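Breakdown of the fold
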Amino acid sequence: MTPDPQPARAYRGVSPEERRAQRRSKLIAAAIAVYGERGYRQATVKAVCEAAGLTERYFYESFENSEDLLITSYNAVTYKMFGDIAAAGQAAGTARGARARAMLRAYFAALQRDPLSARVFLVEIRGVSRAVDKAFDASLRTIGQEIARHAAPDAAADELLQAGIVGGVMHIALRWIDQGYQPPLDSVTETALRLGMLMAGPAPAAQD
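Calculation rules
- Residues numbered from 1 in each chain as written.
- Predicted model: local features only at pLDDT ≥ 70, side-chain atom pairs only at ≥ 80, totals over all residues.
- Heavy atoms only, no water.
- Helix = DSSP H or I, 4+ residues; strand = E, 2+ residues; numbered from the N terminus.
- Buried < 20%, exposed > 50% of the residue type's maximum accessible area, 1.4 Å probe, protein only.
- Expected span 1.5 Å × (residues − 1).
- Polar contact = N/O pair within 3.5 Å; in protein donor to acceptor, adjacent residues only side chain to side chain.
- Contact = heavy atoms within 4.5 Å.

1. A word on the environment of Ile165
Note that Ile165 resides in helix H8 (residues 159-178). Classification of Ile165 by relative accessible area gives buried; the value is 9%. Along the primary structure Ile165 and Met197 are separated by 32 residues, whereas in three dimensions their C-alpha atoms are 9.0 Å apart.

Written as structure tokens, this is what we have:
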């Protein structure tokens, strides 16, 4: 009978699974930095691994290929931002206008605070492949639903309207970044708020 393989041992108190998770996190953080600085199409697996301080064999331990890492990095950026936006909306109270303003301000503040992540979120994800486009579409749908739930209940049942609001805000963000984050944060927030309220319809007076 062939003996059972010995389980992998912990190293310095850290299990093999924890070390693998740590390496994966390093690769994701490195990818966001490299894609943000060079662009996805100019990045290589080797460059990401060097930035992470890991050899290439560890890349394939966690990811099938570069597209897999791009999608994972995009989701890491997107859903962290999504969490910040949702928290801002919840903290803003019950008035629809206040919730929408807080969520938009959190979004633009996150883009300004971390321009490398912003590039991955807004630029590098587009047009790589069908699989990447599907990941992009799925995240936009999730964000649109959350924005509608908090700030635009009239759009909650209309996915096309949600897509229009999110897409419009993203285009404002792209132009704002191209202009060197000008006008100031509060001003771009108000511009995006006007767009969202216009598309979603006026808020009832009693809620504002």
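After that view of the structure, there is still more to cover.
2. So, helix H4 (residues 66-91)
Taking 1.5 Å of rise per residue, the 26 residues of H4 would be expected to cover 38 Å, and the 38 Å separating its terminal C-alpha atoms lies within 8% of that figure. In this structure Asn65 caps H4, since a side-chain oxygen of it lies 3.2 Å from the backbone nitrogen of Glu67. In the segment just after H4, Gly93 is the residue with positive phi, at about 100°.

3. Description of the environment of Ala52
Mapped onto the elements of the fold, Ala52 is located in helix H2 (residues 45-52). The residues contacting Ala52, other than those within four sequence positions of it, are Lys26, Leu27 and Ala30.

4. Quick notes on the environment of Leu198
Looking at the secondary structure, you find Leu198 in helix H9 (residues 185-200). With relative accessibility at 69%, the residue Leu198 sits in the exposed group. A sequence separation of 33 residues divides Leu198 from Ile165, and the C-alpha atoms of the two residues are 9.4 Å apart.

5. Considering unusual backbone geometry
Residues other than glycine predominantly adopt negative phi, and peptide bonds predominantly adopt the trans conformation. For the bond from Gln182 to Pro183, the omega torsion is 5°, close enough to zero to count as cis. Of note, Pro183 is situated in the loop between H8 and H9. In the Ramachandran plot, Tyr181 falls in the positive-phi region, its phi being about 60° despite a non-glycine side chain. Structurally, Tyr181 is set in the loop between H8 and H9. Tyr181 sits in the buried class, given a relative accessible area of 17%.

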